[in-house]
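What follows is each chain in one-letter form.
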Amino acid sequence: GIQVEQSPPDLILQEGANSTLRCNFSDSVNNLQWFHQNPWGQLINLFYIPSGTKQNGRLSATTVATERYSLLYISSSQTTDSGVYFCAVLPFSVLTGGGNKLTFGTGTQLKVEL
Amino acid sequence: EAQVTQNPRYLITVTGKKLTVTCSQNMNHEYMSWYRQDPGLGLRQIYYSMNVEVTDKGDVPEGYKVSRKEKRNFPLILESPSPNQTSLYFCANSPGTSGFYEQYFGPGTRLTVT
């Protein structure tokens, strides 16, 4: 099956710093999403971005589908940004009979300190 | 407001006592699915449903049942829970079944089976 690798696995930032999280995937995808799992365990949708660039406030994301990677940018980080960031993909090969199952990466654990 | 609700949010139960985790969405979405999240194993799909009365197994269906009698509801049934079903459970949904849609996750249900 498709492999999804995220880096770095852990990241500690001072409040106000910027960061870039990376997601590499091993096959062509028709769906790529970024999620934030907060300390209470909730999965928050950040971006649906199978290709191109999107921005939402301090967050932005870019997916280069032809090179099989996606980047999540966090600017001016805040303590509320702490948690785990997941990249999840749905490969083209799953479209038929695959149940639209998202394959999640192992995540980047982010801690933002004062 | 578009939302996905799960109940209960937290549950501690004993081995063998049947339980149901409900999932309800008010977005008129066709596709619904269940995932479980475990440390070191990530998120794994349990069951999914492409439409009313259409359900199918995901990667880890053993010990679970589902039903889809109405479009909005997709309950997860544990007939005889065991300690290895202790996990964080998420219900997900998307507008269509083609795989080209963003998926939305419920707030999660933290289940402990003793």
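The following paragraphs examine the structure supplied in this document. Because the structure is predicted, anything quoted here is derived from the model rather than measured.

Regarding the state of the cysteines
Two cysteines joined by a covalent bond between their sulfur atoms form a disulfide. All told, the structure shown has two disulfides over all chains when counted by the stated rule. Each disulfide pairs two cysteine sulfurs, and for Cys-23 of chain A the partner residue is Cys-87 of chain A, the sulfurs being separated by 2.0 Å. Measuring the twist about the S-S bond at about -55°, one finds the Cys-23 of chain A-Cys-87 of chain A disulfide to be left-handed. Of this pair, Cys-23 of chain A sits in strand E3 (residues 19-25) while Cys-87 of chain A sits in strand E9 (residues 83-91), and the two are 64 residues apart along the sequence. According to the relative accessible area criterion, Cys-23 of chain A is buried, its value standing at 0%. Here Cys-23 of chain B is linked by a disulfide to Cys-91 of chain B, with a sulfur-sulfur distance of 1.9 Å. Judged by the torsion about the S-S bond (-65°), the Cys-23 of chain B/Cys-91 of chain B disulfide is left-handed. Taken together, the residues span a long stretch of sequence, with Cys-23 of chain B in strand E3 (residues 19-25) and Cys-91 of chain B in strand E9 (residues 87-94) at a distance of 68 residues.

Digging into the pairing of E9 of chain A
All names here are of chain A. Burial analysis of E9 places nine of its nine residues in the buried class, which makes it a mostly covered element. The pairing of E9 with strand E11 (residues 108-113) spans three bridges and is classified as antiparallel. Across the sheet, Val-84 pairs through a bridge with Gln-109, a residue of E11. Sheet topology places E9 next to strand E10 (residues 103-104); two bridges connect them, and they run antiparallel.

What counts, and at which threshold
- Residues numbered from 1 in each chain as written.
- Chains lettered and ligands numbered in written order.
- Predicted model: local features only at pLDDT ≥ 70, side-chain atom pairs only at ≥ 80, totals over all residues.
- Heavy atoms only, no water.
- Disulfide = S-S within 2.5 Å.
- Helix = DSSP H or I, 4+ residues; strand = E, 2+ residues; numbered from the N terminus.
- Buried < 20%, exposed > 50% of the residue type's maximum accessible area, 1.4 Å probe, protein only.
- Pairing = 2+ DSSP bridges.

Interpretation note: all reported values are geometric properties and have no functional meaning in isolation.
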